[in-house]
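Here is how the chains run, residue by residue.
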Amino acid sequence: MKIIRTCAEMAALCRDVQRPLGLVPTMGALHDGHLSLTRRARADSATMAVSIFVNPTQFGAGEDFNSYPRSFERDLDLLAEQGTDLVFAPPPEEVYPDGFDTWIEPGSVTEGQEGEARPGHFKGVATVVAKLFSIVRADRAYFGQKDGQQVAVIRRMAQDLNLGVEVVTMPTIREADGLALSSRNAYLTTDQRQAAPVIYRALCAAQELWRGGEQDAGRLRAAAMAVLQAEPMLELVDYVSVVDADSMAPVERADTSGGRRVMVAVAAKLGQPRLIDNIILGDG
Ligand SMILES: Nc1ncnc2c1ncn2[C@@H]1O[C@H](COP(=O)(O)OP(=O)(O)OP(=O)(O)O)[C@@H](O)[C@H]1O
Ligand SMILES: CC(C)(CO)[C@@H](O)C(=O)[O-]
Ligand code: BAL
């Protein structure tokens, strides 16, 4: 397993590897959610590259860039066990050298949800992912459905800019009690951790109602909200959204006929920690 620190060396190495080349972009602090992506990438690819980069430009002022969990040595052990070929772990000044001044500005897919709660977040995500795509030139890149709006932003960007990378989306990996694995779960106190599965229970309540035939987005949202509001540890619900899973446009009816996929998404704060999760209606 090679660890690469510069964009130039990574680009040069990737030009010469066996294909297909699979890329798994991460911010490190790896858990089984990440490893589900690397397992799939390993199975699909002759060469597997994983990036570890806590991207400063996708964090807003006052967000948790400085405290974001970092566990580089442990991450390297896990990636070696997974049979990773290349680990790209550049310092920030490699990715954003002095004079860096070109940005990707995704469009309406960022309206609402994380795009609204974290202004500028997806400009940072899209820019760094475009850079990773252009350095690595992977055949496929793997992302988790847990970050549902991020997947939509990256798919739109890859298509609109003809980036030549197949974007593969992998299902959300959960704890036994339903909590979606996330590096930020490390912030939860014991009590918050106990309360956190309420987010998945709220999504399941909306899904159950929908399975019973209810399509009205307002009623699905209300069902999820009722579950969330019954949890006293939950301090703030940023949003409960019902949107088209590809365009992220809000829908009035969760009508999945004709293959349309509808996403119900929640962001909520359990004290300081802010968690997101979503569920897709109409998948299988
Ligand atoms: N539970 C999960 N199941 C599947 N994929 C996941 C899961 N958690 C994260 N991923 C995916 O792993 C990739 C890297 O994510 P990232 O490093 O930000 O981890 P994270 O756990 O999502 O951290 P955060 O605390 O920022 O949400 C992303 O594509 C993300 O969607
Ligand atoms: C895609 C990503 C690696 C870009 O920094 C990040 O947003 C993440 O880990 O989900
Ligand atoms: N996994 C999403 C990255 C972020 O929250 O910044």
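From a predicted model like this one, the values you see are computed outputs, not experimental measurements.

K.L.:
Any chance you could break down the overall build of the chain for me, citing the residues and the numbers?
P.N.:
Looking only at helices and strands, the chain has 10 helices and 9 strands in total. For the chain, whose C-alpha radius of gyration is 19 Å, the value lies close to the compact-globule estimate of 19 Å for 284 residues. For the chain, the proportion of its 284 residues judged to be buried stands at 51%. In the chain, the share of contacts with a sequence separation of at least 24, taken over all contacts with a separation of at least 6, comes to 73%. Put simply, the chain shows about 13,100 Å² of open surface, and 48% of that area lies on carbon and sulfur atoms. Across the chain, 29 positive and 38 negative side-chain charges occur, with their mean positions spaced 3 Å apart.

K.L.:
Talk me through the site of ligand 3; I want residue IDs and the actual numbers.
P.N.:
Taken together, Met27, Gln58, Arg118, His121, Asp147 and Arg184 make up all the residues around ligand 3. A distance of 3.1 Å is found between a nitrogen atom of ligand 3 and a side-chain nitrogen or oxygen belonging to Asp147. Arg184 is positioned with one of its side-chain polar atoms (N or O) 2.7 Å from an oxygen atom of ligand 3. Taking 230 Å² as the accessible area of ligand 3 by itself, protein coverage stands at 85%. Of the residues belonging to the shell around ligand 3, the class tally is 1 nonpolar, 2 polar and 3 charged.

K.L.:
Lay out the sheet that holds strand β6 (residues 166-170) in plain terms, naming residues and giving numbers.
P.N.:
With parallel pairing, 6 strands are arranged side by side in an open sheet as β1-β4-β3-β2-β5-β6. This sheet does not close on itself; its edge strands, each paired only once, are β1 (2-4) and β6. Adjacent strand axes in the sheet meet at a mean angle of 25 degrees when their direction is disregarded. Here strand β2 (residues 21-26) runs beside strand β3 (residues 47-52); their pairing, made up of 6 bridges, is parallel. When the sheet's bridge partners are listed, Leu21 is paired in β3 with Thr47. Against the sheet, helix α2 (residues 32-44) contacts β2, β3, β5 (140-144) and β6, and its axis sits at roughly 155 degrees relative to β5. In this fold helix α6 (residues 121-136) packs onto β2, β3, β4 (86-88) and β5, with an angle of close to 150 degrees to the strand it touches most, β2.

K.L.:
Kindly report on the domain arrangement of the chain, identifying the contributing residues and their values.
P.N.:
Once the domains are mapped, the chain shows domain 1 (2-170) and domain 2 (183-278). Distance between the C-alpha centres of domain 1 and domain 2: 25 Å. With 21 residues of domain 1 in contact, the opposing surface of domain 2 contributes 19 residues. Here domain 1 packs against domain 2, burying approximately 1,500 Å² in sum over the two surfaces, 45% of which is carbon and sulfur.

What counts and how
- Residues numbered from 1 in each chain as written.
- Chains lettered and ligands numbered in written order.
- Predicted model: local features only at pLDDT ≥ 70, side-chain atom pairs only at ≥ 80, totals over all residues.
- Heavy atoms only, no water.
- Helix = DSSP H or I, 4+ residues; strand = E, 2+ residues; numbered from the N terminus.
- Rg over C-alpha atoms; globule rule 2.2 N^0.38 Å.
- Buried < 20%, exposed > 50% of the residue type's maximum accessible area, 1.4 Å probe, protein only.
- Contact = heavy atoms within 4.5 Å.
- Areas by Shrake-Rupley, 256 points an atom, 1.4 Å probe, with all protein chains shown as cover.
- Lys, Arg positive; Asp, Glu negative; His and termini not counted.
- Charge placed at Lys NZ, Arg CZ, Asp CG, Glu CD.
- Near = heavy atom within 4 Å.
- Polar contact = N/O pair within 3.5 Å; in protein donor to acceptor, adjacent residues only side chain to side chain.
- Nonpolar A, V, L, I, M, F, W, Y, C, P; charged D, E, K, R; others polar.
- Pairing = 2+ DSSP bridges.
- Axes fitted to C-alpha atoms, helices over the stretch in contact; angles between N-to-C directions.
- Domains from an automatic or database assignment.
- Buried area = accessible area lost by both parts, 1.4 Å probe.

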